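Architecture at a glance
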Amino acid sequence: YNIEDILRSAIEKADEAKDIEISMDIKDKIPAIEIDPEGLSLAFENIICNAFEAMPDGGRLEILAKTEIATGQKDKKNEGMIKISFKDSGVGISKHNIDSVFDPYFTTKELSIQKGGGLGLAVSQSILKKHGGNVRVNSTLGQGTTIIVTLPITDLKQIVSSD
């Protein structure tokens, strides 16, 4: 599957935001990897929706995808990674809250049916970990948030296991 197509479809599904400029920059020829496209699309959608919610007055979401070689981890050969960052110009996350963003049911929004119950990033993290990937958050209050997703470029046949 092609990451770019999955990102585009996630943007389309999430795109209800007015006054938000979205840019997508794919740096390298990102190899197609074996993934669960619905799952990954959902993970990206959750991340994008959170970014939109952080920019109630509009702003900019920059999505950057590139390949990298991860080196130096013990008992791992150098392996290729796809690194996707979602950088928004929103309200940011306080230091106090940043460690909790992946906790299920953690939300800084008032709980309501429309706003969701804080499962978005927890779900995204779970999906990405199933793919052997990871997700990190960097944020400065008042200056926006960057969510960095990494996915291994490997043969991911073993992921689609029959539980």
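Above this note sits the structure.
Here goes a summary of the coordinates provided. (Residues numbered from 1 in each chain as written. Predicted model: local features only at pLDDT ≥ 70, side-chain atom pairs only at ≥ 80, totals over all residues. Heavy atoms only, no water.)

Some remarks on the environment of Val 137
Topologically, Val 137 is positioned in strand 4 (residues 134-140). Separated by 35 residues in the primary sequence, Val 137 and Phe 102 place their C-alpha atoms 9.4 Å from one another. Look past the residues within four positions of Val 137 in its chain and what remains in contact with it is Ile 93, Ile 98, Val 101, Phe 102, Thr 145, Thr 146 and Ile 147. (Helix = DSSP H or I, 4+ residues; strand = E, 2+ residues; numbered from the N terminus. Contact = heavy atoms within 4.5 Å.)

Quick look at the pairing of strand 4
Taking every second residue as pointing to the same face, the buried face of strand 4 carries Val 135, Val 137 and Ser 139, while none of Asn 134, Arg 136, Asn 138 and Thr 140 on the other face is buried. As paired strands, strand 4 and strand 5 (residues 144-152) are joined by 7 bridges and run antiparallel to one another. Its bridge partner being in strand 5, Asn 134 is matched across the sheet by Thr 150. Counted between consecutive antiparallel strands, the loop separating strand 4 from strand 5 contains 3 residues, among which Gly 142 sits at a positive phi close to 85°. (Buried < 20%, exposed > 50% of the residue type's maximum accessible area, 1.4 Å probe, protein only. Pairing = 2+ DSSP bridges.)

A word on a nonpolar patch on the surface
On the surface, Leu 42, Tyr 105, Leu 119 and Val 123 cluster together into a nonpolar patch covering about 360 Å² of accessible area. Relative to the elements of secondary structure, Tyr 105 occurs in the loop between helix 3 (95-98) and helix 4 (120-130). (Patch = residues over 30% accessible without salt bridge, like charges linked within 9 Å, V, L, I, M, F, W, Y side chains within 5 Å. Areas by Shrake-Rupley, 256 points an atom, 1.4 Å probe, with all protein chains shown as cover. Salt bridge = Lys/Arg side-chain N within 4 Å of Asp/Glu carboxyl O.)

Description of the pairing of strand 5
With respect to burial, strand 5 is a largely interior element, 9 of its 9 residues being buried. Of the two faces of strand 5, the one holding Gly 144, Thr 146, Ile 148, Thr 150 and Pro 152 and the one holding Thr 145, Ile 147, Val 149 and Leu 151 are both buried throughout. As defined by bridge partners, strand 3 (residues 79-88) adjoins strand 5 across 8 bridges and the pair is classed as antiparallel. Paired with Lys 87 across the bridge in strand 5 is Thr 146.

Description of the packing of aromatic side chains
A full pass over the atoms with the stated rule returns 1 aromatic pair. Ring geometry for Phe 44 against Phe 86: centres 5.6 Å apart, planes inclined by 45°, an arrangement best described as tilted. You can see Phe 44 sitting in helix 2 (residues 37-53) and its partner Phe 86 sitting in strand 3, a full 42 residues away along the chain. For the pair Phe 44 and Phe 86, a shared accessibility class is recorded, and that class is buried. (Phe/Tyr/Trp six-rings, centres within 6.5 Å; stacked < 30°, edge-to-face > 60°.)

Remarks on the pattern of salt bridges
Taken as a whole, this structure holds 7 salt bridges when the rule is applied. For Arg 60, the salt bridge goes to Glu 62, with nearest N and O atoms at 3.2 Å. Taking relative accessible area as the criterion, Arg 60 reaches 28% and is therefore assigned partly exposed. On the basis of relative accessibility, which here comes to 31%, the residue Glu 62 falls in the partly exposed class. The salt bridge involving Glu 68 is made with Lys 66; its shortest N-O contact spans 3.7 Å. One connected set of salt bridges, linked through shared partners, spans Glu 21, Arg 60 and Glu 62.

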